[in-house]
Amino acid sequence: MDKKYNDFIGDMMQDNQDDYKNLPGKGKPLPKENVKMDTFQRFQKTVKDSGFLPPWLELQKEIAALLQTAETESDLDEINLKIRKHNRICPNPMQKNLISLSNLEKAKKIW
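Everything numeric here is computed off the predicted structure, so don't read it as measured data.

## Things to note about the nonpolar core
Core analysis: the largest hydrophobic core is formed by 12 residues, namely L59, I63, A64, L67, A70, L76, I79, I83, I99, L104, A107 and W111. Listing elements by their share of this core, those giving two or more residues are α4 (55–69), α5 (73–89) and α6 (104–110). The greatest single-element share of this core, amounting to 4 residues, is contributed by α4.

Okay, structure coming up:
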């Protein structure tokens, strides 16, 4: 009986069997750490090991650095724009309040 469906990937692999015979790592057991973690946990570990930071964390570090040198109201306006952007892209529990001259010293400690 012929196939009742189109298996394009299977057909390509069948046509190119020699390319799949000597793949690196074929027949080797998986590392134990791969078996312990689910897919999302492995992804998080790989991303962390490669040094990737989400955009909102990069922005948070930038805001913290700007806060240390902020002195005027115009400095705070620029920082508050970045805080608004940070709050739009970060998870809800990580959102921060805007900063004024009256709470600048406290914000320097928090950030």
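After that view, the rundown keeps rolling.
## What about α5?
Residue pairs three or four apart in sequence face the same way in an α-helix, which turns once every 3.6 residues. If you check α5, its first and last C-alpha atoms are 25 Å apart, about what 17 residues at 1.5 Å a residue would give, namely 24 Å. Within the sequence span of α5, burial applies to L76, I79, N80, I83, H86 and N87. Taken end-on, α5 shows its buried residues confined to a sector of 115°, consistent with a single buried face. Exposed positions of α5 whose direction lies more than 90 degrees from the buried face are S74, L81 and R88.

## Comments concerning the pattern of salt bridges
Should the charged atoms of two oppositely charged side chains come close, the side chains can pair. Scanning the model with the defined rule gives 3 salt bridges in all. As a salt-bridge pair, E62 and K82 come within 2.7 Å of each other at their nearest N and O atoms. Pair noted here: E62 is in helix α4 and K82 is in helix α5, with a separation of 20 residues, a long-range link. Measuring nitrogen to oxygen at the nearest pair gives 3.7 Å for the salt bridge that ties K108 to E105. A residue pair is termed a helical-turn pair when its members lie 3 or 4 positions apart in one helix, as K108 and E105 do in helix α6 at 3 residues. Residue class for E105 comes out exposed when judged on its relative accessible area of 53%.

## Observations concerning the environment of E78
Looking at the secondary structure, you find E78 in helix α5. On the basis of relative accessibility, which here comes to 41%, the residue E78 falls in the partly exposed class. Between the alpha carbons of E78 and Q68 there is a distance of 13 Å; along the sequence they are 10 residues apart.

Calculation notes
Residues numbered from 1 in each chain as written. Predicted model: local features only at pLDDT ≥ 70, side-chain atom pairs only at ≥ 80, totals over all residues. Heavy atoms only, no water. Core = buried A, V, L, I, M, F, W, Y, C linked by side-chain atoms within 4.5 Å. Buried < 20%, exposed > 50% of the residue type's maximum accessible area, 1.4 Å probe, protein only. Helix = DSSP H or I, 4+ residues; strand = E, 2+ residues; numbered from the N terminus. Expected span 1.5 Å × (residues − 1). Arc of directions from axis to C-beta. Salt bridge = Lys/Arg side-chain N within 4 Å of Asp/Glu carboxyl O.

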